[in-house]
Each structure stands twice: as C-alpha cells, then as structure tokens.
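# Summary of the model geometry
Chain residues, written in single-letter form:
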Amino acid sequence: MEALLPLGVPLEAAQAVAHTVEERLKGEGQLAVPPRVLRKVFLEEVARALGEGVADRLSRQTLPFEEILVLQGRKRRPFSKGLLARSLEEAGFSLKEAHDLAKEVEGFLRQEGVRQISARRLEEVVAQVVGRALGKGARRRYLQRQAFAGELFVEEESGEPRMPFSKGILAQSLMGIGFSPERAYQLAREMEKALRQEGRKVIRRNELRERVYQALLKEAGEEVARRYLLLRSLRRSARPVHILIGGVTGVGKSVLASALAYRLGITHIVPSDAVREVFRASLSQDLLPTLHLSTFEAWKALLPDLGGEESHEERVMRGFLDQVARVAVGLRAIQERSALEGTSIVLEGVHVVPRYLDHPYRERVLTVPMLVVLQDEKLHRDRFLLRDWETAHARPQEKYLTHFAEIRLIQEHLLRWAQEEGIPVIPGEDLDEAVEKALEVLVAYLEAHGSREAARA
C-alpha cells in the first residue's frame, strides 16, 4: 500500500491489491517470501487490477520492502532513515525536521529506483533535499556538520560511523529523565567542556553514557541516574516499546504523548482519531453509523434494545465499545507492523483500551499501557473552553459540554477497568507531573522486563 498510495491509487484499490497479493502467496504455500518473489507477484497483481501503466511506473522504483545499500569503500550497509535522521539532528535540525527530511530522501531514492548508492552520492542527495526544503543556509549547515560539531565525535561499539557530539541530543536524553530544558542543557555544556579540556577527539558511546551516569549520581542521586541508564538502554534496544495512552477527550493525552515521544526519541505518534478518520473515509455512515459520531455520541446510532430495559449508562457504553472495537482493528494492525519492523510507537486516544489491543507479536515488544484521568470536573470543563479558543472554534466547547455527563461516565468505566487490570493511572491535572509519573511507569516496566529476562536466562 505504501508503494501504491503515492501514485494516487485510491485507498480501497490499494487495500484490495495488497489483500490479493497476500492471498495468492498463502495459496501458493509461501511462508517466507524473498523480496524478488514478492516484487514479481506484486507487479503482476498491480498490472491485473490497476493496469499496465501503474505496474510500469512501479517497476522503475525500488519498492518499500526492498533494501537500498550504501557503499563506502569495500563496506556495504543498508540505508537507514533513523541513522540519516540522527546525522541531521547532529547538524542542528529539529527532531521533526530531521525525520521529515530523512523520509523525503528515502522517497526520492525509491522513486528513482536506486538499489545501491555511494556514501558520497547519498550526501549530495541529502544536501539537495535539505536545500529544496529549508534553503541554502540549511544545506550549508548539513554539508559542514562536522565543523559545527567542533570535531568531537562519538563512536559506536557496533562499528557504525562516528557521529559528531551533540549537546542538543544529550540534553534531550536528560529531559527524558525529567530534567528541565535549562538544567539539561547546562549539564550537556559541562560534559562537552570537560571533554574538550581533556583534549578528547573521540569518545566511545558507552564511556560517554558512563560519564553522564556518574555526573547524575553526584547531582541528582541514584534514582535519577538509574533511570537514565534504563531509558538509554530502551533507546538502543532491539526490542521496541509500544506506549499506549488512553483516556477520554480533554484530559491531556495528546500533550502527554508528544512530551513523552520527544523525551524518548520516539518519532511515531499515532492518534486513534486519525485511524478512525481513515475508516470513516472508507466505510459509509449507512454501513457503520456508530463510527461517524464521537465516542460519547455513538450510542445515538445504535438500534433500540429489543428488550427495552437498557439504561442510558448501558447504552452509552455499548455505543462507545462498538466504536472502540472498530477502531481497534486498525490500531492492532499498526502495532503488528511496528512489532515486525522493530519500531517504537506511541498510540494515544480514547479508543486505546488495552483489552482490545492484544496482537500475535506482543512478545516482540515492550508494551506500556497507561490511562490519563482528570478527576477535577471544573478543570475538565475548562479544558474544553481552552480548546475552543485555541482552535478558533473548530472544536466548539458546546458539543463537549452538552455531552459532559457521557464523557465522565466513560471515564468512570475506563478507570474501573484500569484498576481491575493493573494499568497505571496518570493524573492529568498538571503536565509536568503527568510526564514525571509516566516516566516512572515506563522505568518500572523496564525493570520488571529486565527481571523477567534475567529469570529466563
């Protein structure tokens, strides 16, 4: 589907082709499919369903499931968006800019049908993309990134290319353990100053991490220092983390998701509302009426209870869970793909109800669920007023306040389920406290996971 949608193929048609390819491979008994075989089958089915013209355009591309190799001397390594994004961050680009640019570079290479590329040519392509997107100054900054970094490099244990030392990235990792931006940048500057005074040109990643750990022990204590090591191990781990943030509208889920993702270096945030919008575009209101209303209104689209004894509370929750079950299909698909690709993600939204989000690849990821709750009703009402003002009335408060009782009712049920299932509850009254609590939850899950792994060993 990733290959088809950029060509203007409608979503339904792309889904149909993908399904046909999958069924054909299953029918042929293919349990493991080499990329060249998948390419052949895919192009044949595209030609059959969408015409030779579309198949011809695709045949000149490097498809999303095919590897692009970067050549550097005698070495070959797979092209990595993550590695490229990291080098762009080192050149001073924001996290979002770096990942957007890396995605654009990959798109260009695939559209051009590149299967292998020299490191020097790749740098030229990146510079061109940066220049087109952000101007000549940004292009120059990328090409001169080593000079910007002051010739102090961090070397990976795995033999990956050296990366310039970055105060920004170190500060970001410190913000991930709860430091304020000012405090994080101060410690990062002190670390850089100490390395330069020693005349260091290169430092191993593990040594840098140990030095930061020792500095944190002195400044913030053992608990904070241990949290730093745990979260660093998470970022370098082969096992991705899936953070599931649930909660009703207006409690601060999206803000918490963004804050956590930034601190942890997770670039994929998936709002469940976005998944619902995709389904709404694909499935008509006549087919699934509950999907085309807000979760707190979905009960209005239900058929009457034949028994006639259903209470309003039961009807509200039946409508809510009907929509949750529909959207969970898409959320589970995202989880499965991310698990297979080894990608960390943050899922957030009212549809993020853990009991609906089990999937067959759960053992490949560390799943960390949490529920954001706003107990203060007045503050909850005020959030809708603030949202109305911030969105220039695109999300009018009246809609939410009219159904405030239903929203609070859904929260009561979510809270009870969380307590029954041992899911951590995050108070939503204060963002800083919510982030701190969420980090504590994540660290606790990491420690528990580490203990389980040690027991298995």
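Refer to the structure above for everything that follows.
Residues numbered from 1 in each chain as written. Predicted model: local features only at pLDDT ≥ 70, side-chain atom pairs only at ≥ 80, totals over all residues. Heavy atoms only, no water.

### Remarks on the packing of aromatic side chains
Taken as a whole and assessed by the stated rule, the structure comprises four aromatic pairs. With centroids separated by 6.3 Å and ring planes inclined at 80 degrees, the aromatic side chains of Phe42 and Phe65 adopt a geometry described as edge-to-face. Of this pair, Phe42 sits in helix α2 (residues 35–50) while Phe65 sits in the loop between α3 (52–59) and β1 (69–72), and the two are 23 residues apart along the sequence. By relative accessible area, Phe42 is classed as buried at 8%. Their ring planes at 0 degrees and their centres at 5.0 Å tell us that Phe384 and Tyr400 sit as a pair that is stacked. In this pair, Phe384 is assigned in helix α16 (residues 377–390) and Tyr400 in helix α17 (residues 397–402), connecting sequence segments 16 residues apart. The same class applies to Phe384 and to Tyr400, which are both buried. Between Arg387 and the ring centre of Tyr400, over which it is positioned, the NZ or CZ distance is 5.2 Å. (Phe/Tyr/Trp six-rings, centres within 6.5 Å; stacked < 30°, edge-to-face > 60°. Helix = DSSP H or I, 4+ residues; strand = E, 2+ residues; numbered from the N terminus. Buried < 20%, exposed > 50% of the residue type's maximum accessible area, 1.4 Å probe, protein only. Lys NZ or Arg CZ within 6 Å of the ring centre and 35° of its normal.)

### Some points on the sheet that holds strand β3 (residues 116–118)
Here we have three strands laid out as an open sheet, ordered β2-β1-β3, and mixed in their pairing. Every interior strand has two partners, whereas the edge strands, β2 (75–78) and β3, have only one. Neighbour to neighbour, the strand axes of the sheet diverge by 30 degrees on average, direction disregarded. Judged from the four bridges that link them, β1 and β2 form a sheet pairing that is antiparallel. Opposite Leu69, over in β2, you have Pro78 as the bridge partner. (Pairing = 2+ DSSP bridges. Axes fitted to C-alpha atoms, helices over the stretch in contact; angles between N-to-C directions.)

### Concerning the environment of Asn206
On the secondary structure map, Asn206 appears in helix α11 (residues 205–220). By relative accessible area, which is 42% here, Asn206 ends up partly exposed. The spatial distance from the C-alpha of Asn206 to the C-alpha of Val154 is 9.5 Å, given a sequence separation of 52 residues.

### Describing the pairing of strand β10 (residues 366–373)
Among the eight residues of β10, eight are classified as buried, and the element is accordingly described as predominantly covered. Side-chain alternation along β10 places Leu366, Val368, Met370 and Val372 on one buried face and Thr367, Pro369, Leu371 and Val373 on a second face that is also buried. Across six bridges, the pairing between strand β7 (residues 241–246) and β10 is parallel. Looking across to β10, one finds that Leu244 is bridged to Pro369. Two elements, β10 and strand β11 (residues 425–427), share three bridges in a ladder whose sense is parallel. The residue bridging Val373 from the neighbouring strand is Pro427, located in β11.

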